[in-house]
Amino acid sequence: MTVRLATSDDDLATLVAINDATTPDEPTTLDELRWADATYPGTVRYLAVLEGEVVGAATVGRIYVQPPSYPDLWATLGVLRHARRRGVGSALLAAIAGAAANAGKTGLQLRCRAHRPEAIEFLGHRGFTELERLKAVRLDLAGRTAPPFTMPAGLALTNLAEHPELVGGVHDVALETFEDIPGGDAPMAVGDLAEFRARDVERPGIPAGAFMVAVEAGTERVVGYACLLYPPGRTNVAWHDMTAVRRAWRGRGLATALKLATIAWAIEHELTALETGNDEGNAPMRAVNARLGYAPMRAVNARLGYEPLPDEIMMRGPLVGGGA
């Protein structure tokens, strides 16, 4: 069994196929990989070959919502079922750990799903522990009509397709709100306007027409936004990418109105479902949010009829077998 770098287009196509076979909840495409390389250079990818067959793949690179100085890297790892328990996963983990060590990092983070406990057990035996758990939910849209909604008094609703010049105001909202969002061990990093645009606005799969923006009537100041993101390679299902409201406007129903606006857009564009996830833990941040009047989005989701999916679990661990 050998592990080698994945560099050619054929290699990347094989990596995509293994990723989608082993983690179908986290699909990817060649176009997604090319976007990632252009936006966040430095990602390293590996393929594992066992008895002449490529049976595993792994990726390691920067966590998009953390600054370059963050001590961990994000990673994926998948092994085809018939090749498991033969050392393939351990070899791939050592390869990505080595890449992380070479980059001066000290840890890795990998996303798992609760209904695939073998992945959690594999990482747990190698020193990984649960960092974050998201309560994932799904809203089936078949047969639904676009829900009515009312914006709070003094606000108007638009979107970035109609008013792309509002992206600077959207960035300002993110700068105020990202630090309030529970999850992980550090607030999400917004980045400068250029990075924010590339990751959260102009990323392939984020439709500008579904990027809903709330502005104060008269001043045009952006006070909240909500947007959708298509999973790579799909156009009939979307994720709620973000719902953010300035602190001064919380508690007035704006987050619900923005979310309903994205649901209405999805129904009008014949999507079959919407999915999202919200952090379960982080009691200190929940207490801060309560003082700020920040309504947990999972409560909004419950009111809107979202049904539970298997939890998403972020596992964090050391650089096992990677020279660190």
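One can find the structure itself at the top, above this paragraph.
Here is what the cut-offs are and how they apply
- Residues numbered from 1 in each chain as written.
- Predicted model: local features only at pLDDT ≥ 70, side-chain atom pairs only at ≥ 80, totals over all residues.
- Heavy atoms only, no water.
- Helix = DSSP H or I, 4+ residues; strand = E, 2+ residues; numbered from the N terminus.
- Rg over C-alpha atoms; globule rule 2.2 N^0.38 Å.
- Buried < 20%, exposed > 50% of the residue type's maximum accessible area, 1.4 Å probe, protein only.
- Contact = heavy atoms within 4.5 Å.
- Lys, Arg positive; Asp, Glu negative; His and termini not counted.
- Charge placed at Lys NZ, Arg CZ, Asp CG, Glu CD.
- Pairing = 2+ DSSP bridges.
- Phe/Tyr/Trp six-rings, centres within 6.5 Å; stacked < 30°, edge-to-face > 60°.
- Axes fitted to C-alpha atoms, helices over the stretch in contact; angles between N-to-C directions.
- Parallel < 35°, antiparallel > 145°, perpendicular 65-115°, else oblique.
- Left-handed = near helix turned anticlockwise from the far one by under 90°.
- Nonpolar A, V, L, I, M, F, W, Y, C, P; charged D, E, K, R; others polar.
- Core = buried A, V, L, I, M, F, W, Y, C linked by side-chain atoms within 4.5 Å.

Asker: What should I look at first to understand the overall build of the protein in this one?
Answerer: Counting its regular elements, the protein contains 9 helices and 13 strands. Compactness check: the protein gives a C-alpha radius of gyration of 20 Å against a globular reference of 20 Å for 324 residues, within 12% of the reference. Out of the 324 residues belonging to the protein, those deemed buried represent 49%. Expressed as a percentage of contacts within the protein between residues at least 6 apart in sequence, the contacts between residues at least 24 apart total 71%. Of the side-chain charges in the protein, 32 are positive and 39 negative, and the distance between the mean point of each set is 5 Å.

Asker: Got a minute to help me understand the pairing of strand β8 (residues 212-216) in this structure?
Answerer: Working note: regular strand, side chains alternate between the two faces of the sheet. With 5 of 5 residues buried, β8 lies mostly within the body of the structure. Judged by which residues are buried, β8 turns out to be covered on both faces: Met-212, Ala-214 and Glu-216 on one side and Val-213 and Val-215 on the other are all buried. Pairing analysis gives 4 bridges linking β8 to strand β9 (residues 222-229), with the strands arranged antiparallel. From the neighbouring strand, Val-213 faces β9, where its bridge partner is Tyr-225. Between the antiparallel neighbours β8 and β9 lie 5 residues, among them Gly-218 with a positive phi of about 95°.

Asker: I would appreciate a short explanation of the pairing of strand β5 (residues 107-113) in the present structure.
Answerer: Across the 7 residues of β5, 6 count as buried, placing the element largely inside the fold. Where strand β4 (residues 72-79) and β5 come together, 4 bridges link them in parallel fashion. Pairing of Ala-75 across the sheet is with Leu-110, part of β5.

Asker: Explain the packing of aromatic side chains to me, please; I cannot follow it from the model alone.
Answerer: Describing an aromatic ring pair means giving the distance of the ring centres and the angle of the ring planes. The full count for this structure, using the stated rule, is 5 aromatic pairs. Plain terms: the ring middles of Trp-35 and Tyr-64 are 5.6 Å apart, the flat faces sit at 85° to each other, and that makes the pair edge-to-face. Of the two residues, Trp-35 sits in helix α2 (residues 30-39) while Tyr-64 sits in the loop between β3 (53-61) and β4, which places them 29 residues apart along the sequence. On the basis of an interplanar angle of 20° and a centroid distance of 5.4 Å, the ring pair of Phe-211 and Tyr-225 is categorised as stacked. With Phe-211 in the loop between α6 (193-201) and β8 and Tyr-225 in strand β9, this residue pair connects regions lying 14 residues apart in the sequence.

Asker: Before we go on, may I ask you to explain the packing of helix α1 (residues 9-22) against α2 in this structure?
Answerer: Axes are the key here: two packed helices are described by the angle between their axes and the distance separating the axes. For the pair α1 and α2, the least separation of the axes is 9 Å and the interaxial angle reads 115°. Classed by the angle they form, the pair α1 and α2 counts as roughly perpendicular. Here α1 and α2 pass one another in a crossing that is right-handed. In contact with Asp-9, Leu-12, Ala-13, Leu-15 and Val-16 of α1, α2 contributes Leu-30, Leu-33 and Arg-34. Split into classes, the residues belonging to the contact of α1 with α2 amount to 6 nonpolar, no polar and 2 charged.

Asker: I would appreciate a short explanation of the nonpolar core in the present structure.
Answerer: If you look at the biggest cluster of nonpolar residues, it comprises 29 residues, and the most contacted ones within it are Leu-141, Leu-254, Ile-263, Leu-271 and Leu-274. Those elements that place two or more of their residues in this core are β6 (129-140), β8, β9, β10 (237-245) and α7 (254-268). Examining the composition of this core, we find that 10 residues originate from one element, α7, more than from any other. Ignoring sequence-local partners within four residues, the contact set of Leu-254 consists of Met-151, Pro-152, Leu-155, Ala-214, Val-223, Val-245 and Trp-249. Formed by 26 residues, the second largest nonpolar core is a distinct cluster that contains Leu-50, Val-55, Ala-97 and Ile-313.

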